[in-house]
Number of protein chains: 2
Amino acid sequence: MAAMKNKTGGPFNRPHFESLLKRRFFFAESFEIYRTSAAHLADNRGLYDYGPPGCALQANIINEWRNHFVIEENMMEVDCTVITPETVLKTSGHVDKFADWMCKDPAKGEFLRADHLIESVLEARLAKGTLATGEKASKSAKLDEETAKEYREILAKIDNYDGPELGALIKQHDIRNPDGNGEVLPPTPFNLMFKSTIGPSAAAPVYLRPETAQGQFLNFRRLLEFGQGSMPFASASIGKSYRNEIAPRSGLLRVREFLMAEIEHFVDPDTSKSHDRFPEVSSVELPFLDKATQLSGKTTTRSLSIGEAVKTKLVDNETLGYFLVRIYHFLIKIGVEKDKVRFRQHLENEMAHYACDCWDAELLTSYGWIECVGCADRSAYDLSVHSKATGTPLVVKELRSEPIEIEEWQVSLNKKLLGPKFKKDAKKIETAVESLDQNDLEKLASELSDKAVISVPTEQLADGKMSVELSEELCTIKKVKRVENLREYTPNVVEPSFGIGRILYSLLEHVYWHRSQDVARGVLSLPVLVAPTKVLIVPLSNHASFQPIVKKLASRLRAFRISNNVDASSTSIGKRYARNDELGTPFGVTVDFETVQNGSVTLRERDSTAQVRASEEDIVEAIRRLVDGSETWAQVSQRLPAFTGQSTDE
Amino acid sequence: MAAMKNKTGGPFNRPHFESLLKRRFFFAESFEIYRTSAAHLADNRGLYDYGPPGCALQANIINEWRNHFVIEENMMEVDCTVITPETVLKTSGHVDKFADWMCKDPAKGEFLRADHLIESVLEARLAKGTLATGEKASKSAKLDEETAKEYREILAKIDNYDGPELGALIKQHDIRNPDGNGEVLPPTPFNLMFKSTIGPSAAAPVYLRPETAQGQFLNFRRLLEFGQGSMPFASASIGKSYRNEIAPRSGLLRVREFLMAEIEHFVDPDTSKSHDRFPEVSSVELPFLDKATQLSGKTTTRSLSIGEAVKTKLVDNETLGYFLVRIYHFLIKIGVEKDKVRFRQHLENEMAHYACDCWDAELLTSYGWIECVGCADRSAYDLSVHSKATGTPLVVKELRSEPIEIEEWQVSLNKKLLGPKFKKDAKKIETAVESLDQNDLEKLASELSDKAVISVPTEQLADGKMSVELSEELCTIKKVKRVENLREYTPNVVEPSFGIGRILYSLLEHVYWHRSQDVARGVLSLPVLVAPTKVLIVPLSNHASFQPIVKKLASRLRAFRISNNVDASSTSIGKRYARNDELGTPFGVTVDFETVQNGSVTLRERDSTAQVRASEEDIVEAIRRLVDGSETWAQVSQRLPAFTGQSTDE
């Protein structure tokens, strides 16, 4: 991959960038003061704390997310618990399937993620041009073009291999732990959920949720009712989720505790192909990287209007297409660079167990392309499994315009006999019989007519058995016709899912640059909308006459809910501005001796360092408009007189 | 306790209130659809999901909290991880001391919280007037006045007993499990933290944080640096915390996963008694319930200005006093009733292990007085213990106006000998020696001069020992004089800590009432500031001509970021308004045929049901002012013509 360029076209300098983020406390590793002394905290990687600017940036991104999605589209926001009982996640498939493939290096006692191991080893071989890695590389045979091509193809579809396939690749290409060159054991699945127990008896297993989605599915009935039954509708949720990653790396890009914002858009499967606001967005062009291109071992994107993409079936339907555009607009609005976004389609084996199609919005960073938003079609998977597990119908009922006649198998139990015969078990048997579907009933009907008795699987009964025998006397199954006035269906779900930490980090890379003369003078060109603090107020010195003016100015801005910060430290104004360029503060106001005389102040814009001077009144009004977006800096700097009297940026 | 009155002076009707909250999905028990079928979810009580109105109310309370505290006082907000390594919480004292006393009823296999058990049994005996509870009560001897008085005294100071004392009370008063009347085992401590492990080896124990405070303490150095060293300063954090309560009860009032908002105000211990904004608040009167009153077995509050309270030492200092007033103002602003707030001082044994004084803001609910905000003086406890455990100085350094001469013990190691002799252990030994304090050094100095060798406790060394012998050759300790230009101190911490869920629930009780004619027509008089949705838009019918008007109106309000909801369902306008009274929506706009003719709409106010009619333009502007607080309904209804043409509230 070519080296990433920064905002101004120069090379992106990660060490300077990281030093800035750390120095200005955007974020830092959690429990930092414990890490130097306690070696065992090595197990606690992948956990980060946000300092004041990171925390404010995160809050502003979330705020805009709420405006852009929840308020604009009237979504129903919910806040569900992180702690989730095992039974719920067993049903959803997470207990059995939410795992990564892990290899142990027995010599080092280290655990490695199988796909990442292969990636790093093959990439290193390609970079060095030999058939081995590490110290052996120099002595090893040269990499021939055919093998190099094979490696590139493996890398392009690395997300498509399952555990045994990864194991085979490791064997075939003699892939070893780069740290010590030891052979690794075959991949085994490692469940990514954190486990705990709840209650004083410690008998009830729970997990920390790996996604916010399940809480939304479990509340489907209440949400449908809250929306007075109208379809389609969307719920949304913002909150922490947890994944016990095997080997966290790349800072904020792979962490174990993270903030997610997820939407579940519930839609009638019969009409899910269309979306009533699709015409508004159909001409928007997006950069796509589809499945077929990746499987051919390539990673070139092509730009296409979403209208065209849906028409040609590249994107399955309008609903999915509408959300891809809305996601794109959100990312651009908060400051992501246009040419560092792409939409990549998931490969078959890469998809989560619940998804039937998925497009990721990926952002280009110095670590490569990073999945920041997933947009998955979960079909009716989740609602169906929870409905089946609980016996609760999670369906929409709609009056049919024309009633239809239905022929179906119907089962009935002789309750007069059932109660006395099975006592406490009767309820469980009823539930089991009610949950039988049409296929089950068809089979059982013929069994019953053949043998006059059937066996039905149940929860564990008093005699310890997991099924019950029911005779003809107790149970009848017959085919009946009925007129159906209601249409009943389980909605499909389209799920745009945002990893806020990944977006935040990638955004910071995109807006970072440095003044041309000085690599140490970094700037974060965050849009006003998301900048942690909007205004810096700097008194020229700590002269007493400035204090009341500064105080009044700060409180006037606060009254408009414009966050501001006073820097009355004794360093030069230039240094104080430089500090705030690093913090991404878009505007600066200087209070000087002229302010005391005539009430005028200067206003500086971060990116251009240009300044204007006007009355405090006019400057406050200009800031108000700049912050609410009703005026741009270009307009303000034309309208108000330029200030060049005293350069403060030196 | 006398029955609680509702907002309009009538009796508070909890069943109606709860039915409203459930029906309108303010919140519901988590995993509700699993609770009916899966009996083992009984262990998963104390977990709640917020539906759309509850979630919006919560977001608005948090938003106002951020404005009132973080922005107004320039606090540094941080967002730290929930997952916390055991070593951190071992240091903070939570692993050893963060526990409640629990009694097991061996017959039922039930676990009971000891203090709650005593409370419920004694309260029941007082209510029934007998010396026994449950079925036995009727056959039992009457409760004499002396015993009743004793019971009341126990109840008044129930928070002051430790485990053995609770055990003694249970024996002495023959207190049994009300469910089955079985005797319970003596109280044992039960740690309230959820435990898990991190990383693939499962070797590293972690806990879910029980408070957000520790993350703030661990980041103290970075925060001090971010604020360019100026003192005092405050950090703040909003996030989930977790407590594995023994027996959750009372809905949102005792839950296992909850949202907290916490402030850590770091202050110089020498000047902590004063606060520079105290004069602004000194005349504010607050209702106090102090320690002495409670220990005398009473619960009467007295009203006093905070200035007087600090002067008379009822409240220890200005800083604490200032925060009590700020807390009070916040609660009133979001809609809490004035006469349902009190400030109660903690009793000695009730205080958390880290606190040296604590006042709770309690709110009166139908469950009694509930602790909703704690305001604790944690002194220098946390910073000191973390500093000691990590060897990291967590101190403020200030230039002294006049240097002072200090005489102190100084220890030095002969590093030339230390390295070769102890190899890998040398670093551990250095750390151990550096962490010795003046008292240790004084003792060791005399030991060293007596015996020429000393023993210093260390982390475990290569030979398995937990200490090391150091001879005179390796180590010297002597008294030295030095001139000190810097003053170094560990700040004290004052911590206002808000339980958002408890505040939200109590607030809902305070704002609930019903229209005089009809107990089923509930109203939530939430202030505009926190109301989940600000405006309901109702078209008179589903006539096609209303649709574009409604759409435009909704989008105009959205442009001002005013949340609104369109109800175009086919029920009567009165019913649609009634639904939104229950949701606490303060304003309603009706679009009717007159709107189509002349562009005028009506505006209805929730509490009075009064209406005005004016042009769409004027109504939108009125709403904008009502929402940003620049105008009241009284002003709007005087300014704009009343609408009485068509009563929509029937």
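Residue positions are given per chain, counted from 1 along the sequence in the order it is written. Just so you know, chain letters begin at A and ligand numbers begin at 1, following the order they were written in. At least 70 in pLDDT is required for a residue's local features to be given in this predicted model, at least 80 for side-chain atom pairs to be given and counted, and no such filter applies to totals for whole chains, interfaces and linings, which use all residues. Excluded from the side-chain calculations are hydrogens and water; all other atoms, namely the structure's heavy atoms, are used.

Taking an unreviewed UniProt entry as the reference, chain A is identified by name as glycine--tRNA ligase belonging to Claviceps pusilla. Regarding chain A, the relevant UniProt record gives this comment under Subunit (unreviewed entry): "Homodimer." Per UniProt, chain A has the following entry under Sequence similarities (unreviewed entry): "Belongs to the class-II aminoacyl-tRNA synthetase family." UniProt positions are given in the numbering used here, feature names are shortened, and annotations may be inferred rather than shown by experiment.

### A closer look at empty space enclosed by the protein
Residue and element names in this part refer to chain B. Throughout, the protein atoms alone are placed on a 1 Å grid, and a set of points is a cavity if a 1.4 Å probe fits but cannot get out or a pocket if it is open with protein on both sides within 12 Å along at least five of seven lines; lining residues have an atom within 4 Å of a point. Grid points are joined across faces, edges and corners, and a volume is the space filled by probe spheres set on the points. Enumeration according to the criterion identifies eight cavities of 30 Å³ or more in this entry. When its volume is computed, the largest cavity comes out at roughly 150 Å³. In terms of lining residues, the largest cavity is bounded by 13 residues, among which Y48, Y50, E257, F258 and L259 are the most central. When residues of the lining of the largest cavity are traced back to their parent elements, those giving at least two are strand 2 (48–50) and strand 11 (257–267). Here a strand is any run of E in DSSP of at least two residues, a helix any run of H or I of at least four, and the numbering for each starts at the N terminus. With three residues, the top contributor of residues to the lining of the largest cavity is strand 11. In the lining of the largest cavity, the residues fall into seven nonpolar, three polar and three charged. Residues are grouped as follows: Ala, Val, Leu, Ile, Met, Phe, Trp, Tyr, Cys and Pro are nonpolar; Asp, Glu, Lys and Arg are charged; every other residue, Gly included, is polar.

### Topic: the relation of the copies chain A and chain B
For the least-squares superposition of copies, only C-alpha atoms count, and only for residues with pLDDT at least 70 in both. Of the transformation superimposing chain A on chain B, the axial component is 0.0 Å and the angular component is 180°, with the fit at an RMSD of 0.2 Å. The transformation relating the two chain copies, once decomposed into turn and shift, fits a two-fold axis. Taking the C-alpha atom as reference, chain A places S196 of chain A closest to the rotation axis, 2.6 Å from it. We call two residues in contact whenever any of their non-hydrogen atoms come within 4.5 Å of each other. The share of interface residues of chain A whose copies in chain B are also at the interface is 99%, consistent with both copies meeting through the same surface.

### Some details on the pairing of strand 14 (residues 341–345) of chain B
Residues and elements named next belong to chain B. Counted residue by residue, strand 14 has five buried out of five residues, so it is predominantly covered. Each residue is assigned to one of three classes by its accessible area relative to the maximum for its type, calculated with a 1.4 Å probe on protein chains only: buried under 20%, partly exposed between the two thresholds, exposed over 50%. The alternating pattern of strand 14 places V341, F343 and Q345 and R342 and R344 on opposite faces, both of which are buried. Strand pairing is defined by DSSP finding a minimum of two bridges between the two strands. In the sheet, strand 12 (residues 285–289) pairs with strand 14 via two bridges, with the strands oriented parallel. Directly across from L289, in strand 14, lies its bridge partner R344. Judged from the five bridges that link them, strand 14 and strand 15 (residues 357–365) form a sheet pairing that is antiparallel. Note on strand 15: the bridge partner recorded for V341 is L363.

### Points about the sheet that holds strand 8 (residues 195–198) of chain B
Residue and element names in this part refer to chain B. Taken in spatial order, the three strands line up as 4-9-8 in an open sheet, and their pairing is antiparallel. Strand pairing shows two members of the sheet lacking a second neighbour, strand 4 (83–85) and strand 8, which therefore form its edges. Within the sheet, the average angular offset between the axes of one strand and its neighbour, ignoring direction, is 45°. Inspection of the sheet shows strand 8 paired to strand 9 (residues 204–208) by four bridges, in the antiparallel sense. Axes, fitted as lines to C-alpha atoms, cover a helix only where it is in contact. Angles between the N-to-C directions of the axes lie from 0 to 180 degrees.

### Notes on helix 23 (residues 616–628) of chain A
Residues and elements named next belong to chain A. Look at helix 23: 18 Å from first C-alpha to last across 13 residues, which is about the 18 Å you get at 1.5 Å a residue. Among all positions in helix 23, only E616, I619, V620, A622, I623 and L626 are buried. Relative to the axis of helix 23, the buried residues are bounded by an arc of 160° and lie together on one face. Against strand 24 (535–539), helix 20 (546–559), strand 26 (587–591), strand 27 (600–605), strand 28 (611–615) and helix 24 (633–639) lie the buried residues of helix 23. Positioned one or two residues after helix 23, G629 has a phi angle of 85°, which is positive. The span expected for a helix works out to 1.5 Å for each residue beyond the first. What the arc measures is the spread of directions leading from the helix axis to the C-beta atoms.

### Looking at the interface of chain A and chain B
Facing the 86 residues of chain A at the interface are 85 residues of chain B. In short, buried area is how much 1.4 Å probe accessible area vanishes from two parts on joining, totalled over both. Between chain A and chain B the total buried area reaches about 7,500 Å² when both faces are included, carbon and sulfur atoms providing 57% of it. When the area that chain A buries against chain B is broken down by residue, the three leading residues are I33, Y34 and R222 of chain A, summing to 11%. By definition, a salt bridge exists where a carboxyl oxygen of Asp or Glu is found within 4 Å of a side-chain nitrogen of Lys or Arg. Scanning the region where chain A abuts chain B turns up eight salt bridges.

### A short note on the packing of aromatic side chains
One pair of aromatic rings is described through two measures. These are the centre distance and the angle between the planes. Residue and element names in this part refer to chain A. Side-chain rings of Phe, Tyr and Trp (the six-membered ring for Trp) are treated as a pair once their centres are within 6.5 Å; stacked means planes under 30 degrees apart, edge-to-face means over 60, and tilted covers the remaining angles. One pass over the structure, following the stated rule, counts 44 aromatic pairs over all chains. When the centroid spacing of 6.4 Å and the interplanar angle of 50° are considered together, the rings of Y328 and F343 count as tilted. Note that Y328 is positioned in helix 14 (residues 318–334) and F343 in strand 14 (residues 341–345), a separation of 15 residues in sequence. A single burial state applies to Y328 and to F343, both of which are buried.

### What to know about the sheet that holds strand 4 (residues 83–85) of chain A
All names here are of chain A. Spatial strand order, 4-9-8: three strands in an open sheet with antiparallel pairing. With one partner strand each, in any of the chains shown, strand 4 and strand 8 (195–198) form the two edges of the open sheet. Across the sheet, the mean angle separating the axes of adjacent strands is 45° when strand polarity is ignored. Strand direction decides the pairing type here: strand 4 and strand 9 (residues 204–208), joined by three bridges, are antiparallel. Residue pairing for strand 9: T84 is matched across the bridge by Y207.

### Remarks on the pattern of salt bridges
One pass over the structure, following the stated rule, counts 106 salt bridges over all chains. For the salt bridge of R515 of chain B with D581 of chain B, the shortest nitrogen-to-oxygen distance reads 2.9 Å. Linking R515 of chain B in the loop between strand 22 (512–514) and strand 23 (522–524) with D581 of chain B in helix 21 (residues 573–582), this pair joins segments that are 66 residues apart in sequence. Taking relative accessible area as the criterion, R515 of chain B reaches 9% and is therefore assigned buried. Its relative accessible area of 2% is what places D581 of chain B among the buried residues. One salt bridge in this structure joins E621 of chain B and R624 of chain B, with 3.2 Å as the shortest N-O distance. Of this pair, E621 of chain B and R624 of chain B both sit in helix 23 (residues 616–628), three residues apart, which is roughly one turn of that helix. Take E621 of chain B: its relative accessible area is 26%, and that puts it in the partly exposed class. With relative accessibility at 27%, the residue R624 of chain B sits in the partly exposed group. Overlapping salt bridges, with partners in common, bring together E72, E73, R277, E280 and R326 of chain A together with R558 of chain B in one network.

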